[in-house]
Amino acid sequence: MQNINPSQNITRRGRYYLFLGSLAFFGGAIAVALGVLFIFFPLWDSFFFDLFQGFLFVVGIIAVLVGLGFIVRALTLQKDNPLAYAVGEGLSQFLDGRYTYLRNVSKRGVGYIDAVLVGPPGALVFRIVDYAGTWINERAEWINQTRDGKLRPARTNPTREAVRDVYALRKFLAKRGLANVPVYAIVVFTSPNVRLSASGPVVPICEIPTLYQIMERDYLKDERITPEMVRQTVEAIAEG
């Protein structure tokens, strides 16, 4: 099994965000400068010109803030996911060369996915978390235990996050002629200090020691796509 990080695609996305951010920032800065200039040196005295000057100033401020947001996003794109890498290394002991594990997937139209395993059974989306403590999964909902021992709805929901990633990846693949590739999901807890329980989980959940066992029961039990479709899917995720 290959355990790869499509870093070229992440770098390209970073450049794209940086370009948009720079364009918005400098365009907004020019608009703000003109708005301020027209306060002291109005071209003509009228209500409509004052309205135009105010519009320039407000739109410029908004553009500067949006540009800064894009620039920060470009500079903070995650270059790799250590948790996903460790999970991939563990899976490489069980899976053969027909499988490719792509970690740290970040794409326009998909968003961010911790990892995707592609092989004859289809594509498997991984939501990988290092949460500790007591976590209880009831279908699509999660409950965890606070420090004082009380149970409450969890602030994060890895099941719904995984489902969102599945729908995004299915849509992405369908646009590339790969609508017949089945997409599944799994939630993996990596912390040794977690206590899991589940009742009718919508998405399979597991810890590292039980990961391959759960995959055998759900994802690995059938071969659903051809080697050519596997190759096309990997290329689409890695480069598309």
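A short note on the pairing of strand 5 (residues 133-138)
Note on strand geometry: in a regular strand, side chains alternate between the two faces of the sheet.
Here's step 1: Across the six residues that make up strand 5, a large majority, five, are buried.
Here's step 2: Examined bridge by bridge, strand 5 and strand 9 (residues 194-199) share six bridges and lie parallel to one another. If you follow Gly133 over to strand 9, its bridge partner there is Val194.
Here's step 3: Of the pairings in the sheet, the one linking strand 5 to strand 6 (residues 141-145) comprises four bridges and is antiparallel in character. Looking across to strand 6, one finds that Asn137 is bridged to Trp142.

Quick look at the pairing of strand 4 (residues 122-129)
Here's step 1: Counting buried positions along strand 4 yields eight of eight residues, so the element is predominantly enclosed.
Here's step 2: Where strand 3 (residues 111-119) lies against strand 4, five bridges are found, and the strand directions are antiparallel. Looking across to strand 4, one finds that Gly119 is bridged to Gly122.
Here's step 3: Hairpin remark: strand 3 followed by strand 4, antiparallel, with two residues in the connecting loop.

Details of the sheet that holds strand 4
Here's step 1: Here we have six strands laid out as an open sheet, ordered 1-2-3-4-8-10, and mixed in their pairing. Looking along the sheet, the strands with just one partner apiece sit at the ends: strand 1 (2-4) and strand 10 (205-207). Strand-to-strand twist in this sheet, taken as the mean axis angle between neighbours without regard to direction, amounts to 30°.
Here's step 2: Contacts from helix 4 (residues 158-174) reach strand 2 (100-107), strand 3, strand 4 and strand 8 (183-189), with the element oriented near 150° to strand 8.

Conventions and cut-offs
Residues numbered from 1 in each chain as written. Predicted model: local features only at pLDDT ≥ 70, side-chain atom pairs only at ≥ 80, totals over all residues. Heavy atoms only, no water. Buried < 20%, exposed > 50% of the residue type's maximum accessible area, 1.4 Å probe, protein only. Helix = DSSP H or I, 4+ residues; strand = E, 2+ residues; numbered from the N terminus. Pairing = 2+ DSSP bridges. Axes fitted to C-alpha atoms, helices over the stretch in contact; angles between N-to-C directions. Contact = heavy atoms within 4.5 Å.

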